[in-house]
Amino acid sequence: MPSVGDLTAGNIRSGLLAGDFSATELAREALAKARAENDRTGVFLSFTEERALNAALRVDRSLAAGEPLGPLAGVPIAVKDVIMTKGERTTCASRALQDFVSPYDATAVQAIERSGAVVIGKTNCDEFAMGSSNENSAFFPVRNPADPTRVPGGSSGGSAAAVGGGYVPLSLGSDTGGSIRQPASFCGVVGVMPTYGRVSRYGLVAFASSLDHIGPFARTVRDTALLLGTIAGSDPMDSTAATAPVPDYSGGLTADVRGLRLGIPREYFGEGLEPEVGNLVQAGIDSLVGLGCEPVTISLPHTRYAIASYYLICTAEASSNLARYDGVRYSRRADRAALRDMYRDSRAESFGPEVKRRIILGTYVLSSGYYDAYYKKAQEVRALVAGDFSRAFEDVDAIITPVSPFPAFRLGEKTSDPLQMYLSDIYTITGSLAGIAGMSVPCGQTAAGLPVGLQILANHFHEQTMLNLGHAFELTRGDGPGQT
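These remarks concern the structure in this document. Residue numbers restart at each chain and count upward from 1, following the sequence in its written direction. At least 70 in pLDDT is required for a residue's local features to be given in this predicted model, at least 80 for side-chain atom pairs to be given and counted, and no such filter applies to totals for whole chains, interfaces and linings, which use all residues. Neither water nor hydrogens contribute to the side-chain values; these are computed over all heavy atoms in the structure.

### Some points on the overall build of the protein
Within the protein, the secondary structure is distributed over 15 helices and eleven strands. Two things to know: the radius of gyration comes from C-alpha atoms, and the globule rule equals 2.2 Å times the number of residues to the power 0.38. For 484 residues, the compact-globule estimate of 2.2 N^0.38 gives 23 Å, and the C-alpha radius of gyration of the protein, at 21 Å, lies within 12% of that figure. C-alpha extents for the protein along the principal axes are approximately 65 × 55 × 45 Å. Looking at the protein as a whole, 60% of its 484 residues qualify as buried. Contact definition: two residues touch when any of their heavy atoms are within 4.5 Å. In the protein, the proportion of contacts linking residues at least 24 apart, taken out of those at least 6 apart, comes to 75%. With the model as given, the accessible surface of the protein reaches about 17,800 Å², and the carbon-plus-sulfur share is 50%. Neither His nor the chain termini are counted; the positive set is Lys and Arg, and the negative set is Asp and Glu. We put the charge of a Lys on NZ, of an Arg on CZ, of an Asp on CG and of a Glu on CD. If the 43 positive side-chain charges of the protein are averaged to one point and the 51 negative ones to another, these points end up 5 Å apart. For the purposes of this entry, the term helix denotes a DSSP run of H or I that reaches at least four residues, the term strand denotes a run of E that reaches at least two, and both are numbered from the N terminus. Burial classification: accessible surface area is computed with a 1.4 Å probe over protein chains only, and a residue below 20% of its type maximum counts as buried, one above 50% as exposed, and the rest as partly exposed. Here, Shrake-Rupley sampling with a 1.4 Å probe gives the accessible areas, and only protein chains in the shown set may cover a residue.

Written out as structure tokens, the structure is:
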């Protein structure tokens with residue numbers, strides 16, 4: 001039986017139908033490999049072995065009975081530990097929830113399991129998805145599969161490393177300001193942030209509700225499209241989930257991207273971009289031009305204000321969302337007699353430094369006398385950033401940028417300087433503020449062997465255009481896994 005790390009979802013389906021292996025054999029192999037290496041990699045916070053083997057057995061029985069298989073039948077998958085899985089721990093990589101067992105499944109989890117996917121475990125992440133390196137986990141950091149001395153990116157570092165390290169072909173993450181795209185870039189895999197509302201957030205533990213997205217990781221664009229098509233769609237449990245019809249993303253993939261106009265924003269290729277990263281991204285743009293795309297220089301003038309706007313809005317929403325973790329309704333409770341002391345100490349003991357930093361900042365900007373000066377102003381800037389993209393998409397079909405100014409950095413390198421850590425997301429937060437779709441697709445490696453991603457941004461609900469560009473680009477590289 002081939003290693004699970006060498007298989008795509010298409011390979012797994014054809015292998016099951018040919019009798020080359022069973023879903024149970026594949027699940028056991030994925031679990032054994034992930035468990036054996038987890039002390040070294042830190043990818044998983046928990047394993048869901050019983051759930052996985054039961055799901056695999058259902059697939060094997062369906063196959064034996066001649067019943068049709070779902071699109072993800074037998075595919076091992078990992079789920080970021082901020083996404084609810086009924087009967088399993090969902091810790092958000094925080095001591096506040098270290099013993100919390102989910103009472104229900106997220107809509108996205110329901111969708112993948114209906115399609116036959118086999119959930120093998122919950123992946124490590126920055127605490128409550130707040131971070132850009134996965135070093136903010138309350139338990140242990142994740143190590144980059146390309147270089148274990150470096151970070152995998154964050155906050156969905158565990159989900160990216162689970163795919164990049166060959167433990168699963170697919171995983172689910174969440175993206176608030178770059179938390180899928182940046183770790184996908186750092187780990188050399190494909191990662192997609194869908195349009196806001198394209199995928200239901202029901203069952204996603206909230207960080208910043210107006211910015212949070214659930215999205216897929218995979219080793220190929222085709223697998224990413226397949227997983228996105230499985231989890232996308234309206235949901236009565238989420239009032240922000242869009243009712244727009246969901247295309248057949250994987251069935252609609254084409255490598256013919258001739259005539260597409262690609263916006264190249266000048267603000268993304270200036271100061272701060274490491275030359276080696278810039279050269280790889282430019283080579284990626286040249287490849288797309290070679291496929292018949294037309295490059296168009298554009299301006300997104302309010303990009304310079306995006307970091308400030310984002311970190312005011314997301315911290316304000318985090319302050320509000322995390323107020324529930326008070327030791328009474330949710331989270332661990334400090335053993336204190338006085339109610340005031342119990343509230344204070346429960347939160348002080350439960351949250352790590354980065355979460356506390358964001359709660360304090362968010363509470364400040366929402367406070368009386370500062371709301372208009374900070375939070376309201378940040379929302380006005382957000383509208384300006386969104387307007388930049390709206391105007392750009394009147395003239396171009398997609399926008400191409402770097403994902404990060406630099407490749408994966410060393411563990412501990414930026415932990416003492418939060419501002420430098422926040423700048424990791426300088427090229428991704430603009431798309432998040434605008435609510436558009438974005439993806440990272442591998443575009444090469446540095447001389448040190450560190451992966452670099454090419455970011456493709458598309459207008460609201462134009463994921464198919466984005467995926468087609470990623471697929472066409474991936475085929476030009478010819479060094480990825482099979483595209484079946």
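### Some words on the packing of aromatic side chains
Here is the rule: rings of Phe, Tyr and Trp (six-membered ring for Trp) pair when centre to centre is within 6.5 Å. Planes less than 30 degrees apart are stacked, more than 60 are edge-to-face, and the remainder are tilted. Across all of its chains, the model carries 14 aromatic pairs by this definition. Measuring from centroid to centroid gives 6.0 Å for F186 and F409, while their planes differ by 90°, and the two rings are edge-to-face. Of this pair, F186 sits in helix α6 (residues 181-187) while F409 sits in the loop between β9 (398-402) and α13 (418-422), and the two are 223 residues apart along the sequence. You'll find F186 and F409 in the same group, each marked buried. Residues F406 and F409 carry aromatic rings whose centres are separated by 5.9 Å and whose planes lie at 80° to one another, so their mutual orientation is edge-to-face. Summarising the burial analysis for this pair, F406 and F409 share the class buried.

### Some details on helix α9 (residues 306-321)
Residues separated by three or four positions in an α-helix point in the same direction, a consequence of the helix having 3.6 residues per turn. Given the number of residues in a helix, its expected span is that number minus one, multiplied by 1.5 Å. Over its 16 residues, α9 runs 22 Å from end to end, which matches the ideal 22 Å to within 8%, given 1.5 Å per residue. Counting buried positions over the 16 residues of α9 gives 14, a clear majority of the element.

### Some remarks on the environment of V163
Mapped onto the elements of the fold, V163 is located in helix α5 (residues 157-164). Expressed as a C-alpha distance, the spacing of V163 and T428, which sit 265 residues apart in the sequence, is 21 Å. In this structure, V163 is in contact with V168, P169, L170, S171, V189, F217, A218 and R219, ignoring residues within four places of it in sequence.

### Description of the nonpolar core
Take the buried residues of types Ala, Val, Leu, Ile, Met, Phe, Trp, Tyr and Cys, join any two whose side-chain atoms come within 4.5 Å, and each joined set is a nonpolar core. Counting residues in hydrophobic clusters, the biggest one holds 140 residues, and the most contacted among them are I112, F128, L172 and F389. Top contributing element to this core by residue count: α9, with nine residues. Apart from residues no more than four positions distant in its own chain, F128 is found in contact with C92, S94, A96, L97, V205, F207, L322, Y325, F351 and V355. Core analysis: the second largest hydrophobic core is formed by six residues, F186, F406, A408 and M421 among them.

### Thoughts on the sheet that holds strand β3 (residues 118-123)
At least two DSSP bridges between two strands are needed for those strands to be called paired. On the basis of which strands lie adjacent, the open sheet formed by eleven strands has the order β1-β3-β2-β4-β6-β5-β10-β11-β9-β7-β8 and mixed pairing. The open sheet has two edge strands with one neighbour each: β1 (44-47) and β8 (294-298). Direction aside, the axes of adjacent strands within the sheet are offset by 30° on average. On the sheet, helix α2 (residues 23-41) packs against β1, β2 (76-80) and β3 and is oriented at approximately 135° with respect to β1. Between N-to-C directions, angles cover 0 to 180 degrees, with each direction set by a line fitted to C-alpha atoms, over the stretch in contact for helices.

### With respect to a nonpolar patch on the surface
Together, L361, Y364, Y370 and Y374 give the surface a local cluster of nonpolar side chains, amounting to about 340 Å² of exposed area. By the element assignment, L361 lies in helix α11 (residues 353-366). Like charges within 9 Å and nonpolar side chains (Val, Leu, Ile, Met, Phe, Trp, Tyr) within 5 Å are joined into patches, using only residues over 30% in relative accessible area that form no salt bridge. For this analysis, a salt bridge means a side-chain nitrogen from Lys or Arg found within 4 Å of a carboxyl oxygen belonging to Asp or Glu.

### Things to note about the pattern of salt bridges
Evaluation of the coordinates by the stated rule reveals 16 salt bridges. Between D147 and R150 there is a salt bridge, with its nearest N and O atoms 3.1 Å apart. Residue D147 shares its accessibility class with R150, and that shared class is buried.

### Focus: unusual backbone geometry
With an omega of 5°, the peptide bond between G154 and S155 qualifies as cis. On the secondary structure map, S155 appears in the loop between β3 and α5. Phi at F461 is positive, roughly 65°, even though this residue is not glycine. Tracing the sequence through the fold places F461 in the loop between β11 (451-458) and α15 (463-477). Residue classification places F461 among the partly exposed positions, given a relative accessible area of 34%.

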